[in-house]
Amino acid sequence: MRHLCLPVTSILALALATGPAFAQPDPEPEPAPSEEPPAPSDEAPAADTEGDDEELSDEELLEEEGLEDPKRPPPAGMGVIWGTLRDTKLDEPLIEAQVEVIGAGKTVFTDFDGNYRLELPPGTYSLRFFYELHEPKQIQGVVVKAGKIQEVDEKLAPEEGAVETFEIETEADTSSIEGQLLSRKRASVVGDAIGRAEIARTPDSNAAQAAQRIVGATIVGGRYVYVRGLGERYTNALLDGVPLPSPEPDRATVPLDLFPSKLLDSLVILKTFVPDMPGDFAGGSVRISTRQLPDELMFYVNGSVGINTQTTGSQYLQYRGSSTDWLGFDGGARQLPEAIPDYRIGSTYKNPDGSFQTRDQVAGYTNALNSYMSTLRQLAPPNHSFDVVVGNTFDLGGEQKLGVVGAFGYGRNFSRITGELFRTARSSNEAPDDVVELNRFEIERGIDTVRYGGLLGLTYQIDDNHKLHLSGLYTRRSDDEARELEGHHEERASTVHETRLQFVARDLISGQLRGEHDFPALDDAKLDWQAFASVARRNQPNTRATVYQYDSEFGYKFEDDSFSGLHFYADMDERTLGGGFNWLQPLDQDKSPVNLKLGSLVTIRDREFGARRFRFRPEGAAPACAISEFDSSCPDQLFDANGLTDRFQVEENTLAIGDSYRAGLDVYAGYVMLDAHLIENLRLIAGPRLEVSKQTVETFDPYGTNSEAVAGEIEGLDVLPALSLVWGVRDDMNLRFAASRTLARPQLREIAPFSFTNYFGGYVEIGNPDLDNTQIYNGDIRWEWFPTPSEVIAASLFTKHFVKPIEPILVASSGNGVITYQNVRGANLIGGEVEARKNFGFITEPLEDLSIIGNVTLAFSKVDIDPETPGAANLRSLQRPLTNQAPWVVNLSLDYDNQDIGFQVRALYNIIGRRIAFPSENPVPDVYFQPRHELGATVGQMLAPGLQAKLTGSNLLNDDFRLTYTKNDTEQNLHRQWRTGAQLSVSLSYTY
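Residues numbered from 1 in each chain as written. Predicted model: local features only at pLDDT ≥ 70, side-chain atom pairs only at ≥ 80, totals over all residues. Heavy atoms only, no water.

Undergrad: Go over unusual backbone geometry with me, naming the residues and quoting the values.
TA: Its identity as a non-glycine residue notwithstanding, Asp524 has a phi of 60 degrees, on the positive side. Secondary-structure assignment places Asp524 in the loop between β26 (494-519) and β27 (525-551). Unusually for a residue other than glycine, Asn884 sits at a positive phi of about 65 degrees. Among the secondary structure elements, Asn884 is positioned in the loop between β45 (879-880) and β46 (888-898). (Helix = DSSP H or I, 4+ residues; strand = E, 2+ residues; numbered from the N terminus.)

Encoded structure:
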C-alpha cells in the first residue's frame, strides 16, 4: 500500500496540536530555529555570579523544556519501550517521526531529541518506524515485561518519494490483565476472560473457581459453569481449541474443577457465535488455554496448607478404604472380587450350563462380596497442595527453536458437613404456596477429595513462519465420601437410618498436535491445523448403602429395600478423536483489510457405560441390632463374616435395560467466514457454518438375556449463520452487534434410560431416548470502553429464542419423585450485563494502586409449554423461568496492588439470584435454589525477589446452601440446607 507524504510543517502542526506521548499538557510552542545563531549583543546583561556555570542534569533540562524523562519507571502493571530515532546519513535525531505498535492501534511521535516512549501491557510486539522521505523500518519480537524498561534505538535511511507500509500482527501476553483486555478489544466476538496474572491474586485453586470471576458466569455445584444464567447444556468447553469430553455420565459439560489453576494461562468465555467455532452453545463457549511457552527459563513452585473451620482438627466421617486413596485411585480394596463371574448371580439365576445356582455357590458369592458397611471417624488433617511449573526455550540454530513447558499440581481437601437437612413434601391443600412435610432427614457427610494434574507441551519452531506444537494433559479427581442419614420416613411411619460409602474417580487424558504456518508469498495467508485424541473415564467401585428401620421392640432392623445392602459398581469410558484446519486468506489489503477464512472440524465421540448392582437380602427374618441409638457397631455385627450366610444371601439386580449402554456423537462441520473492514473503523464478520451430526444411544444386556433394547437416534443437518459488526467508535471504544443461530444437543446421559439415586429418599433420574435438538436464535449488543490498558467499562444487552428446549421435570411418583427430561415448545430470554474495572487514581495519586472490579448480569426468561404435551396437565406451571437460569448475578472485588513494596490484597464477593432447580408435577411444588452470599479474600507479600507469601480465605461468610419448595424462603418450605465451612490457607511460592 502506497502513501503520499505530508509536508514537515503539516506533521509538526498536527503533532504539536496533539502533543507527544510523553509531553506535559499544552506545552508552549518552541520558536522556529534560525539558520545561524544571533550575534552576541554588546548590551547583553552581565552574567549572574551564581549558578550560571552550573551544568543542569538531563532530568532538569527535560523539566525546563516541559518534557518528562522517557526513561522514567512504567506505571503499575505496564512495561516501557523507549529509544531514539536518528538519520543514518547525517546521524541527526529525527523529530516527529512516527513509532507505531503494529496491530494495536497505538502511535507516538519522537520529540526534539528523537526520543520516543511507549507504555504497553506485558507481551511481545512488532514496531514500525516511519519518517517522511525515509525508508520505513519494522522490528519484531520486542518483549515487554511488567515494571521493566526496554531500550530500542533505530536509524532510518533517507529515500526519495513515497514509502511502502507493512502490517505485522502483534502477540499480546494473555496471562496479564492488560493483555486480556487488549485481546478482548481486538476480538471479533463478545467475550470476557481472566488471565493467569489475575487468577494468581484470587483464592481460586481450579478453573471452576476462577470462572466465577467472569462477567455472567455462574458456578453450580462448585464444578459446572453456567453462562448468562443458562444451564450447562448451553455451554461447550475447548482445551487449547480442541473440544473436550466429559468424565461425567450424566452431564455433557466438562467439570472445570478438574483443571488446577496453575496449569492455566487464561480462561475465556465467548458469548457470541462466529462461524469458526463449534455451534453447540447459547450461553457461552469456555476456552481453556494452558501455560504458554516462556521467552526465558521459567520456574515456579508453590506449597500451601489450610484449614476448614468446621472440619480441620475435628473427627470427620470416613470408612475403611484403600492404601492408595491419597493418590486418588483405589488400590484394589473396592474392586469387584475375582470370584464374581461375568453372569448374573443369585439363587433364581442359572449357570451357563443351564443349571440353577446352588446355595453353596451363592454363599461363596456372598462371602466374596462382603465388605465393611460401617463408618468410622478420623481426625481431619489440614488441607494441603503443591504446584510446580518449569519451562524454557532452546535455540537450535538459525531460526529453529524448541520450547518445553511442564506443570504439575496436587491437592487434598477434607470436608465435614454436619446438620444437613433434607425434607420431602407436597403442596398444602389450604395454601398453595405452603407445603406439608412428608419425610425429614438429617445428614452427616465426610468427604476426602484428591485432585492433581500434569501438562507437558513441546513447541518446535522451524522458522519464523512455521511452528509445530505437541501437548499432553492428564488430570484426575477423586471424591471419597461417607454419609449417614437419619430421620422420620412418612410411608414407613418410623425412623430410618442409611449409611452410604462411595468412592468416585474421574480422569481425563488429552493429547493434541497442532501446526501454525504463515505464507508471505500468498499475501500473508495463514494455515493452522490440529489432530487430537482424548479419553475421559469415570470409575465408581463398590458404592455401598444399607438402610435400617427403628423398631421399639427389636431396635434397628435391616430394611429389605432396593437401597439396602447395596453394592454398586459402575465404569464409564468415553473416547474422542478428531481433527480440523483453518485457512485465513487476505484478499484486499490495499484499501481496508479483508480476510476470507474457511475450515473444517470433525469430532467422533464414543461412550460405553456399564453397571452392576448387587444387594444382600435377609435369609428369613430381617436381622436387627438391639440398640436405641444407631452406631457403627450395628453393621459390623450384622455383616460379620462369622455366620454371614445364615443372615444374608446376595442377589444381583442389574437392570437388563438401562444399566449398560453405548452412545455416540459424531459431528462433521465446515464453515466460510468473511472478516472485512468495510470502512476504517467498521468491521464485518459474517458467514455460515454447516454441522452434520448423528447422536445415538443403545442399551444392551451384557448377559444376553433380554433382547428388548432401547435405542434412540438424532440426526441433524444444521446451517448456523452468524453476523457481527464491530464499530471502533474511538481507539479505546467499541460498539458490537451480533446475530446468530446456534443449537443445543441432548446430553448422552439424557437420552440413556439408565436410572440411579444418589441416596435413600432422593430422586431417581432416568433419561428419555425421544429427545430432539434445540434451535436457538441469538442477538447481542455491547458497548465497551478501555480508558487505560488495565481498565474497562462495558454494557451489554442480549436476547435468545429457544425452539424445543430440553427441560428436566420432577415427576410425582409413589416414591419421592423421578427426574426425567422433555422437549418443551419454546422459551425466550432477555438480559443485560454491566462490567467495570477501574482504579482510584483519578481521585488522588496515592490511590492509583486501588481498583474496583465488578459485574452484574440481569436476565429474564420464560418457558412456554404446550398444554397438549403429554403430562402437561400435571405440571405445576406451564410458564416459568428456564431451569437453573439465574435472574441476576453479582460479582464484586476490591483490589490493591502495590508493586513498589510487593503487597497485594483482594476481597471478592459473589451472589446469585433465586433460580428454579427442579420444575415439578403436582402435588410436588417446584424446587428453587435460594441466593447465598460468598466472600473471599487474599493477601500477598513479596518477601524477597521471587519469593511470595500469601494468606487466602474463601467462603468466609459460610452462608447456608438452601433449596426450598416454591419461591418462598421459609423454614416451612425448606427442602435442603447445608454448610461447607470457611476455608483459610497460607502458601509460599517462588518464581524464577
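Moving on, there is more to tell.
Undergrad: Summarise the sheet that holds strand β17 (residues 264-270); cite the residues concerned and give the values.
TA: A sheet is described by the order of its strands in space; here five strands give the open sequence β12-β17-β18-β15-β16, paired in mixed fashion. At either margin of the open sheet sits one strand with a lone partner, and together these are β12 (191-195) and β16 (242-243). In this structure, β17 lies alongside strand β18 (residues 284-290), joined through six bridges in antiparallel fashion. By the bridge assignment for β18, Leu264 is matched with Thr290. (Pairing = 2+ DSSP bridges.)

Undergrad: Please provide a residue-by-residue account of the packing of aromatic side chains, values included.
TA: Across all of its chains, the model carries 23 aromatic pairs by this definition. Where Phe273 meets Phe281, the ring centres are 6.3 Å apart and the plane angle is 65 degrees; that geometry is what we call edge-to-face. An identical accessibility class is assigned to Phe273 and Phe281; each is buried. An aromatic cluster of three or more residues is present, and its members are Phe386, Phe408, Tyr410, Tyr452 and Tyr474. Here Arg976 stacks its cationic end above the ring of Trp978, 4.5 Å away from the centre of that ring. (Phe/Tyr/Trp six-rings, centres within 6.5 Å; stacked < 30°, edge-to-face > 60°. Buried < 20%, exposed > 50% of the residue type's maximum accessible area, 1.4 Å probe, protein only. Lys NZ or Arg CZ within 6 Å of the ring centre and 35° of its normal.)

Undergrad: Help me get a handle on the pattern of salt bridges, residues and values and all.
TA: Under the criterion given, the structure shown has 51 salt bridges. The salt bridge involving Glu481 is made with Arg483; its shortest N-O contact spans 3.2 Å. Looking at Glu481, the relative accessible area reads 11%, which means it is buried. On the basis of relative accessibility, which here comes to 9%, the residue Arg483 falls in the buried class. Of the charged contacts in the structure, one is a salt bridge between Arg736 and Glu784, with a shortest N-O distance of 2.7 Å. Residue Arg736 is located in strand β36 (residues 733-744), and its partner Glu784 is located in strand β39 (residues 774-785); the two are separated by 48 residues in the primary sequence. For Glu784, a relative accessible area of 1% gives the class buried. One salt-bridge network, held together by shared partners, links Lys271, Arg736, Arg782, Glu784 and Glu833. (Salt bridge = Lys/Arg side-chain N within 4 Å of Asp/Glu carboxyl O.)

Undergrad: Kindly report on the environment of Arg492, identifying the contributing residues and their values.
TA: Within the secondary structure, Arg492 sits in the loop between β25 (466-489) and β26. Separated by 53 residues in the primary sequence, Arg492 and Asn439 have C-alpha atoms spaced 9.9 Å apart. Among the polar contacts made by the side chain of Arg492, one reaches the side chain of His489 at a distance of 3.3 Å. (Polar contact = N/O pair within 3.5 Å; in protein donor to acceptor, adjacent residues only side chain to side chain.)

Undergrad: Can you explain helix α6 (residues 359-369)? Please cite residues and give values.
TA: Regarding α6, the residues found buried are Val362, Ala363, Tyr365, Thr366 and Leu369. Seen along its axis, α6 keeps its buried residues to an arc of 160 degrees; they face one direction. In this fold, the buried residues of α6 make contact with β29 (566-586), β30 (594-618), α8 (644-647) and β32 (648-652). (Arc of directions from axis to C-beta. Contact = heavy atoms within 4.5 Å.)

Undergrad: Please give an account of the pairing of strand β53 (residues 974-978) that cites residues and values.
TA: Of all the five residues making up β53, five are buried; the element is thus mostly covered by neighbouring parts of the structure. The pairing of strand β23 (residues 400-427) with β53 spans two bridges and is antiparallel. Across the sheet, the residue bridging to Phe422 is Arg976, located in β53.

Undergrad: Residue-level account of the confidence of the model for the protein, with values.
TA: Confidence in the prediction of the protein, expressed as mean pLDDT, is 82, and 83% of residues score 70 or more. Here residues 1-66 is modelled with pLDDT under 50, and outside its nearest four sequence neighbours on either side it reaches 49 contacts, counting other chains as well. Segment residues 160-172 is flagged for pLDDT under 50; beyond a separation of four residues in sequence, or across chains, it makes 44 contacts in the model. (pLDDT = per-residue confidence, 0-100.)

Undergrad: How would you sum up the pairing of β17? Please name residues and give values.
TA: Most of β17 is tucked away, with seven of its seven residues classed as buried. Of the strand pairs in this sheet, β12 and β17 are connected by five bridges, and their pairing is antiparallel. Opposite Asp192, over in β17, you have Ile269 as the bridge partner.

Undergrad: I'd like a description of the environment of Tyr703, backed by residues and values.
TA: One can find Tyr703 in the loop between β34 (682-699) and β35 (711-730). With relative accessibility at 17%, the residue Tyr703 sits in the buried group. The spatial distance from the C-alpha of Tyr703 to the C-alpha of Tyr343 is 6.0 Å, given a sequence separation of 360 residues. Ignoring sequence-local partners within four residues, the contact set of Tyr703 consists of Asp342, Tyr343, Arg344, Arg612, Glu652 and Thr654. There is a polar contact of 2.6 Å between the side chain of Tyr703 and the side chain of Arg612.

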